[in-house]
Amino acid sequence: LTFDLANVFGQNVSLNGAQVAFDGVTVKNTQIANGINVNAESFLSFTGSPSTVTNNGLVGINISGGSSVVAANLTVSNNAIQGQGSAEKGGIVVRGASTLTLQNTVFSNGQTVNAPVEITGNKGEGIRVEGGTLLSNAEGGTAYVHVASNENVGLGVNGGYADLEGHFKFENNNWLDSLRF
C-alpha cells in the first residue's frame, strides 16, 4: 500500500486515538506536512514486509500526545525537505509523554526474522526526543538500527529519556552540537 501525497497539498497520514499496524506500507511526498502523525494516545507498529517513510515535506514520523510507535523493518529517509525550523525537521520526532521503541526483529510466519531500521538522509536530527521516551529491543537477530547521514545529529535528546541496547550503528551524521549524539 502506498500513500503518495504529492498532489494533495497539506495532507498526511494521521492517527488519532487509533491502533494501526503497517506491513509493507510507503508514505511519501507530503507537501508542507509531516509524513505520519501519531497523536492522541495512538499506537503504530511496523511489522512484516519493509515499510518506507520518505521524501516528506516536514518530519517523517511525528509522535505526540501520549502515543507509542514500535519501529522495525522500516526506512525513514530524506524527510523534512521543506522544514524551516527545528520543530519542522527530523526523521522521527518523539514529543511529550510519547514513546518510540526501535527493534531489529519481527515475528513473521511463526518465526523471528531480522528487520533492520534505516534512518538516513533526513534534514535535522535522525531521531529527536523532546520530553518523550526512546527505548530499544535490538539485542536479538543480526540486523542493525542504522542512523546515518542526517543533516544534524543522529540522536538528539532534550528533556526526554533514551535507553538503547543492542545492534545500533550511528555514522556520518553532522555532529554540530557536542551535547547530543
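See above for the structure.
Just so it is clear, the structure is predicted and the values come from calculations on it, not from any experiment.

1. Looking at the overall build of the protein chain
No. 1: Within the protein chain, the regular secondary structure consists of zero helices and 21 strands.
No. 2: C-alpha atoms of the protein chain, sized along the principal axes, occupy 40 × 40 × 25 Å.
No. 3: When each of the 181 residues of the protein chain is scored for burial, the buried share is 49%.
No. 4: Within the protein chain, counting contacts between residues at least 6 apart in sequence, those at least 24 apart form 73% of the total.
No. 5: Of the roughly 7800 Å² of accessible surface on the protein chain, a fraction of 47% belongs to carbon and sulfur atoms.
No. 6: Each charge sign in the protein chain was given a centre, from 7 positive and 13 negative side chains, and these centres are 9 Å apart.

2. Some details on the packing of aromatic side chains
No. 1: With the rule as written, the count across this model stands at two aromatic pairs.
No. 2: Here Phe-22 and Phe-46 contribute two aromatic rings whose centre-to-centre distance is 5.7 Å and whose plane-to-plane angle is 85°, an arrangement assigned as edge-to-face. In this pair, Phe-22 is assigned in strand E3 (residues 19-22) and Phe-46 in strand E6 (residues 43-46), connecting sequence segments 24 residues apart.
No. 3: By relative accessible area, Phe-46 is classed as buried at 1%.
No. 4: Relative to Phe-170, the ring of Phe-168 has its centre 6.4 Å away and its plane inclined at 10°; by these criteria the two rings are stacked.
No. 5: We classify Phe-168 as buried; its relative accessible area is 18%.
No. 6: Relative accessible area serves as the criterion here: at 25%, Phe-170 is assigned to the partly exposed category.

3. Regarding the sheet that holds E6
No. 1: The strand order E3-E6-E9-E12-E17-E20 describes an open sheet built from six strands, whose pairing is parallel. If you trace the sheet from one side to the other, it starts and ends with E3 and strand E20 (161-162), each paired once.
No. 2: Relative to strand E17 (residues 133-137), strand E12 (residues 99-103) runs parallel, the two sharing five bridges. Directly across from Leu-100, in E17, lies its bridge partner Leu-134.

What counts, and where the lines are drawn
Residues numbered from 1 in each chain as written. Predicted model: local features only at pLDDT ≥ 70, side-chain atom pairs only at ≥ 80, totals over all residues. Heavy atoms only, no water. Helix = DSSP H or I, 4+ residues; strand = E, 2+ residues; numbered from the N terminus. Buried < 20%, exposed > 50% of the residue type's maximum accessible area, 1.4 Å probe, protein only. Contact = heavy atoms within 4.5 Å. Areas by Shrake-Rupley, 256 points an atom, 1.4 Å probe, with all protein chains shown as cover. Lys, Arg positive; Asp, Glu negative; His and termini not counted. Charge placed at Lys NZ, Arg CZ, Asp CG, Glu CD. Phe/Tyr/Trp six-rings, centres within 6.5 Å; stacked < 30°, edge-to-face > 60°. Pairing = 2+ DSSP bridges.

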